[in-house]
Amino acid sequence: MTMRKTLDDWLSWQESLHGAVIDMGLARVSRVRDAMGLKPACPVIMVAGTNGKGSTCAMLSSIFRAAGFKVGAYTSPHILRYNERIAIDLKPASDERIIASFEAIDAARGDTTLTYFEFGTLAAVHSFVAEKVDVIILEVGLGGRLDAVNIFEPDVSVVVSVDLDHQAILGDNREDIGFEKAGIYRAGKPAICVDPEPPKRLLDHAAAIGAELKLYGRDFGYTRMDNQWSFRCGDHARHALPIPALRGAYQMVNACGALAALEAIRDKLPVGIGAIKQGLVEVEWPGRFQVLPGRPAVVLDVGHNPHAVKAMVAALKQLPYAENRYAVFSMLADKDMAAVVELAKGEFDHWLAAGLDMPRGQSGEAIAAVLKNAGVASVSAFDTVAQAWSAALSRAGDNDRIVVFGSFHTVAEVEAARRHPV
């Protein structure tokens, strides 16, 4: 085992350890799991979905914490610090905790190479076991069937939504993508689907393996009344629930998925109505239609595919009137930018297109060309997101609104600029 002192040392080394950044398959990471004897004794909740899975994990974490349980949650990607991916009781794990897990993985893996994400997945579960958490929440990074988190055995599996993203890996239609996400379901275990139009291949797979499938709208759902709502699941109901603190009407459906998961394992982790209410009120999930305090109004949204941006646009329509609407926008080259722009172009008066200097990134000029081709009249191009953000701040008045979206990287660079203004 070579010496790596800091967390950054470890992460840099992991990026070059395996030949491919993404290598779908469970054989290698399963070997290392077995060598480590890594088998959680506490309940495990696994959450997949094109969008909404992070918000669902955040709600579950907040509710379990309010109920007094010690919670481990693994999510990705991070916005500012890698530590955000491995949260214990809603707080990012320390560098020391993560490094200790990395050392244990490296000692056990022999000559097996692992990707950056596989290392992180093993480190998260190793950290949770070491910290003796009461419940583990695992967000699927990509797809489900062949994602590294799927080497662990869930007590309940949740598929939040199924739509087009990562088509080169998962397939170019909802049926194939739904099948990949259904790969986290288990025979004889609760399997929850929150998507209101579940793909047939997802339904067929759940039936073929004998999963206990619960469908939104059929087996569980909600009724909203002004500033509260009721949740039903079978013959059980939760009434007078507060609207989740996370903004966007779609968060109600995500909350349904979280509560359906709670119902599925209430014999193992009983949670009272008080904890559910507290958890929904206190939940935080940065970068997901996050409205910052102050003027001009600023919204941060990591939405990077048509499904997510359609939800963002719907949420924008619920905000107060803004005189001028600015978009600080950048997307990775392998995303469906044309579809995203078509959905969002009516919501902004001025677009500030920014380059991303990273693999799969593209220049501000290239992004501006897509915008102009879509008929957007007011477009400015910038080399960096920080430059676009600075320009937006200088142009926007108190009655205007700035929306930062298109990628996790876009939001991360604005957050970094906000914390360390030049």
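Residues numbered from 1 in each chain as written. Predicted model: local features only at pLDDT ≥ 70, side-chain atom pairs only at ≥ 80, totals over all residues. Heavy atoms only, no water.

Colleague: Explain the pairing of strand β13 (residues 297–301) to me, please; I cannot follow it from the model alone.
Modeller: By the criterion of burial, β13 is predominantly enclosed, with four of the five residues buried. Across three bridges, strand β12 (residues 290–292) lies against β13 in antiparallel orientation. Across the sheet, the residue bridging to Gln290 is Leu300, located in β13. The hairpin turn running from β12 into β13, its antiparallel successor, is four residues long, and Gly294 in that turn takes a positive phi close to 100°. With five bridges joining them, β13 and strand β17 (residues 401–405) adopt parallel strand pairing. For Val299, the partnering residue across the bridge sits in β17 and is Val403. (Buried < 20%, exposed > 50% of the residue type's maximum accessible area, 1.4 Å probe, protein only. Helix = DSSP H or I, 4+ residues; strand = E, 2+ residues; numbered from the N terminus. Pairing = 2+ DSSP bridges.)

Colleague: Can you help me understand the pattern of salt bridges in this one?
Modeller: Side chains carrying opposite charge are able to pair once their charged atoms draw close together. Tallying each qualifying case throughout the model produces 23 salt bridges. Among the ionic pairs, Arg238 bridges to Glu263, the shortest N-O distance being 3.3 Å. Placement of the pair is Arg238 in strand β11 (residues 236–242) and Glu263 in helix α9 (residues 250–264), with a sequence separation of 25 residues. Because the salt bridges share partners, they merge into one network encompassing Arg4, Asp106 and Arg109. (Salt bridge = Lys/Arg side-chain N within 4 Å of Asp/Glu carboxyl O.)

Colleague: How do you make sense of the nonpolar core when you look at a structure like this?
Modeller: Judged by nonpolar contacts, the single largest core of 53 residues is most densely connected at Phe102, Ile105, Leu122, Leu138 and Tyr185. The dominant element in this core, judged by the number of residues it contributes, is helix α5 (residues 116–130), at seven residues. In this structure, Cys57, Val71, Ala73 and Leu246 belong to the second largest nonpolar core, which totals 40 residues. (Core = buried A, V, L, I, M, F, W, Y, C linked by side-chain atoms within 4.5 Å.)

Colleague: Help me understand the sheet that holds β11 in this model?
Modeller: Across a sheet, strands are paired by hydrogen bonds formed along the backbone, either parallel or antiparallel in direction. With antiparallel pairing, three strands are arranged side by side in an open sheet as β9-β10-β11. Looking at strand neighbours, the two that pair on one side only are β9 (220–225) and β11, the edges of this open sheet. Pairwise comparison of adjacent strand axes, ignoring direction, gives a mean angle of 20° for this sheet. Across five bridges, the pairing between strand β10 (residues 228–233) and β11 is antiparallel. From the neighbouring strand, Trp229 faces β11, where its bridge partner is Leu241. In the packing of α9 onto the sheet, the strands contacted are β9, β10 and β11, and the crossing angle to β10 comes to about 45°. The sheet contacts of helix α10 (residues 273–282) involve β10 and β11, and relative to β11 the element is tilted by about 45°. (Axes fitted to C-alpha atoms, helices over the stretch in contact; angles between N-to-C directions. Contact = heavy atoms within 4.5 Å.)

Colleague: How should the packing of aromatic side chains be read in this particular structure?
Modeller: The relative placement of two aromatic rings is captured by the distance of their centres and the angle of their planes. Tallied over the entire structure, the rule returns 16 aromatic pairs. Taking the centre distance of 6.5 Å and the plane angle of 45° together, the rings of Phe220 and Phe231 count as tilted. One end of the pair, Phe220, is in strand β9; the other, Phe231, is in strand β10, and eleven residues separate them in sequence. A relative accessible area of 0% means that Phe220 is categorised as buried. Geometrically, the ring pair formed by Phe329 and Trp351 is edge-to-face, given 5.2 Å between the ring centres and 90° between the ring planes. Here Phe329, found in strand β14 (residues 325–329), pairs with Trp351, found in strand β15 (residues 350–354); they are 22 residues apart in sequence, far enough to count as distant. (Phe/Tyr/Trp six-rings, centres within 6.5 Å; stacked < 30°, edge-to-face > 60°.)

Colleague: Help me out: how do you make sense of the UniProt feature "domain: Mur ligase C-terminal" (unreviewed entry) in the chain in this one?
Modeller: Mapped onto the present numbering, the UniProt feature "domain: Mur ligase C-terminal" (unreviewed entry) falls at residues 287–408. With 34% helix and 22% strand, residues 287–408 has its two end C-alpha atoms placed 8 Å apart. (UniProt positions renumbered as here; feature names shortened; annotations may be inferred.)

Colleague: Quick question: what am I supposed to make of the sheet that holds β12 here?
Modeller: Pairing is mixed in the open sheet, where six strands are placed in the order β12-β13-β17-β14-β15-β16. Each end of this open sheet is capped by a strand with a single partner; those strands are β12 and β16 (379–382). Pairs of neighbouring strands in the sheet enclose a mean axial angle of 20°, with direction left out of account. As paired elements, β15 and β16 share four bridges and run parallel to each other. Across the sheet, the residue bridging to Ala354 is Phe382, located in β16.

Colleague: Looking at this structure, I do not really get the pairing of strand β5 (residues 135–139). What am I missing?
Modeller: Remark: a regular strand shows side chains that alternate across the two faces of the sheet. For β5, a buried count of five out of five residues is recorded, marking the element as mostly surrounded by other parts of the structure. Of the two faces of β5, the one holding Val135, Ile137 and Glu139 and the one holding Ile136 and Leu138 are both buried throughout. The sheet contact formed by strand β1 (residues 44–48) and β5 spans four bridges and is parallel. Bridge pairing in β5 places Val44 opposite Ile136. As paired elements, strand β2 (residues 71–74) and β5 share four bridges and run parallel to each other. Note on β5: the bridge partner recorded for Val71 is Val135.

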